[in-house]
Amino acid sequence: MNAIAPAGPPLALLAELTHRCPLQCPYCSNPLEMVRAAGERDTGFWMRVFDEAAALGVLQVHLSGGEPTLRGDLEALIRHATSRGLYANLITSAVLLDAARVRALAEAGLAHVQISIQGAEAATADRIGHYRGGHEKKIAIARAVNDAGMALTVNAVMHRQNLHQLGAMIDLAAELGAGRLEVAHTQYHGWALRNRASLIPSLEAVKAADALVAERRAALEGRLVIDYVAPDYYANQPKTCMGGWGQRFLNVTPDGRVLPCHAAETIPGLEFERADERPLAEIWRNGAAFMRFRGTDWMQEPCTSCALKEVDWGGCRCQALAMAGDASAADPVCGRSPRHAALGERAMAEAAAPPPEFAYRRFGK
C-alpha cells in the first residue's frame, strides 16, 4: 500500500444514535463530554446517512449509543437501513427492552443483537453498571432474541473487578445460546481512562484469563465462538486500530460528526465534519481528520522504519496521545516504543494498589 492510498469503501458504520443510557458503566467508551438529547440528529438525518453509507459501499451498520433503544424511531431506522442492503446489528444494554419490542425489531429487519453483560451474577453486574435489576433483565432479553430468530452475541468487558468471573461468564453465554462471545479486556479511552486505576487487572490475572479462554475455546468449539481482545498495557505489539485509521471504519456521533474511530475526538486539533454539511463519501475519502493518520506519511520513528508499519499501522492514535502526549508517537504498547517499559510499570503499580471508587458515567460529571 502506498503511503497515502485512495481509500476503498469502509466495511462498517457505527451509528451512535444517542449518548443517553440508563447504565453508568465506568468503562464506557463514550466521551466525557457527551451529547445531550437536544443535540441528537433526527430520523431523516440518519436515513440519509444510511443511504449515503450504502452508496459508499458500507456493508454493516452497527446501531449503538449510549442506549439506542431509547430512540423511538429505532424500528424505522432499521427498516430503512435494511431496505438499502445494510446488515443491521444492534448494540444494547437490553435493560429497556421487552419481548414485544424485540419481536418488533426483528420484524423491522434487525439481524443481530449484541448484549453487554457486566458480570456473571446480579450483585457484581448491577454494581458495575450501577443499575439495579439490570442483569436479570439482560438474561431475559437474551432469551427473547433467540426466540425471535435473531443472532445473539454477548459482549463481556473484562477488568479487575469482574475478571474472576470469566469462566462463569463464558458458561452463561453458552447457556443463553449465544453464537458468539466477545471477551474484551477494557480499552482505556473515555470513561475507562478516567477509571483506569479501578479497572486495570494484574499481569497474573491476565495470564490466567488468557489460559482460560484458550481452554474454553477448545471445549466449546462448534458451539460458541469466543473472540478475545487482549489487554493493551501488557502487550508488546499494538493492535491494528480500527483496521487502520480511515481504512475500514467510520463513526457518526449523535450530533452528526463523522469520526475515523469512536475515541478520535480526544485528539486536539482535529476538525470533524458533519454528515448534514458534506456528503459522507467526501468526508470518508478526503476529510482532513480521516487523512491525518491514514497510511504511513504521518509516522515518526520507530514506526517509520518498522517492517510492521503496514500491518498494525502504528497502533492506536488515541492511546499514543493519552500515554505519550503525542498522537503521532508510536503506540506505547509497542515494544519498540521508548515509553513501553513505563507503560507496563504504571499498569502493574495501579493493579497492585487498592482500586478507588468508580467515577460512574454520568452527564456533566
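The present account deals with the structure reproduced in this document. Keep in mind the model is a prediction, meaning the values are calculated, not measured. (Residues numbered from 1 in each chain as written. Predicted model: local features only at pLDDT ≥ 70, side-chain atom pairs only at ≥ 80, totals over all residues. Heavy atoms only, no water.)

Points about the packing of helix 1 (residues 43-56) against helix 2 (residues 74-83)
Defined as follows: Interaxial angles span 0 to 180 degrees and are taken between N-to-C directions of axes, which are lines fitted to C-alpha atoms, for helices over the stretch in contact. By definition, any uninterrupted DSSP run of H or I lasting at least four residues is a helix, any uninterrupted run of E lasting at least two residues is a strand, and each is numbered from the N terminus. Angles below 35 degrees are treated as roughly parallel, those above 145 as roughly antiparallel, those between 65 and 115 as roughly perpendicular, and all remaining angles as oblique. A crossing counts as left-handed when the near helix is turned anticlockwise from the far one by less than a right angle, and as right-handed when that turn is clockwise. In this description, contact between two residues means that some pair of their heavy atoms is separated by no more than 4.5 Å. Each residue is assigned to one class: nonpolar for Ala, Val, Leu, Ile, Met, Phe, Trp, Tyr, Cys and Pro, charged for Asp, Glu, Lys and Arg, and polar for all the others, Gly among them.
Interhelical geometry of helix 1 versus helix 2 gives an angle of 20° and a closest axis separation of 9 Å. Relative to helix 2, the element helix 1 lies roughly parallel. Between helix 1 and helix 2 lies a crossing of right-handed hand. Contacts between helix 1 and helix 2 involve Thr43, Trp46, Met47, Phe50 and Asp51 on the former and, on the latter, Ala76, Leu77, His80 and Ala81. Split into classes, the residues belonging to the contact of helix 1 with helix 2 amount to 6 nonpolar, 2 polar and 1 charged.

Considerations on empty space enclosed by the protein
Selection criterion: Here a cavity denotes a set of grid points, spaced 1 Å apart and computed over the protein atoms alone, in which a 1.4 Å probe fits but from which it cannot get out, and a pocket denotes an open set meeting protein on both sides within 12 Å along at least five of seven lines; residues with an atom within 4 Å of a point are reported as lining. Grid points are joined across faces, edges and corners, and a volume is the space filled by probe spheres set on the points.
Under the defined criterion, the tally for this structure stands at 5 cavities of 30 Å³ or more. Quantified by volume, the largest cavity comes out at close to 80 Å³. Lining the largest cavity are Pro238, Pro302, Cys303, Cys306, Leu308, Lys309, Asp312, Gly314, Gly315, Asp331, Cys334 and Arg336. Partitioning the lining of the largest cavity into residue classes produces 6 nonpolar, 2 polar and 4 charged. Reported here for the second largest cavity is a volume of approximately 40 Å³. What lines the second largest cavity is Cys241, Gly244, Trp245, Phe293, Trp298, Asp312, Trp313, Gly315 and Arg317. The class makeup of the residues in the lining of the second largest cavity is 5 nonpolar, 2 polar and 2 charged.

A word on the packing of helix 6 (residues 166-175) against helix 9 (residues 203-219)
Contact geometry for helix 6 and helix 9: axes closest at 10 Å, N-to-C directions at 30°. Considered as vectors, helix 6 and helix 9 are oriented roughly parallel to each other. Viewed along their axes, helix 6 and helix 9 form a crossing whose handedness is right-handed. Taking contact as the criterion, the partners of Leu166, Gly167, Ile170 and Asp171 in helix 6 are, on helix 9, Ala209, Leu212, Val213 and Arg216. Class assignment of the residues belonging to the contact of helix 6 with helix 9 gives a composition of 5 nonpolar, 1 polar and 2 charged.

Details of helix 3 (residues 99-108)
Note: α-helices contain 3.6 residues per turn, so residues at a spacing of three or four share the same orientation. Applied cut-off: Residue exposure (1.4 Å probe, protein chains only): buried if accessible area is under 20% of the type maximum, exposed if over 50%, otherwise partly exposed. The arc refers to the directions leading from the helix axis to the C-beta atoms.
Those residues of helix 3 not exposed but buried are Arg101, Val102, Leu105 and Ala108. Down the axis of helix 3, the sector holding all buried residues measures 120°, keeping them to one side. Taken from the residues just after helix 3, glycine 109 is the one with a positive phi, measuring 115°.

Overview of the layout of surface pockets
One number sums up the size of the second largest pocket: a volume of about 190 Å³. What lines the second largest pocket is Pro31, Leu32, Tyr188, His189, Gly190, Leu193, Arg194, Glu265, Thr266, Cys318, Leu321 and Ala322. When contributions to the lining of the second largest pocket are tallied by element, the ones reaching two or more residues are helix 7 (190-194) and helix 12 (317-324). Looking at side-chain class alone, the lining of the second largest pocket contains 7 nonpolar, 3 polar and 2 charged residues.

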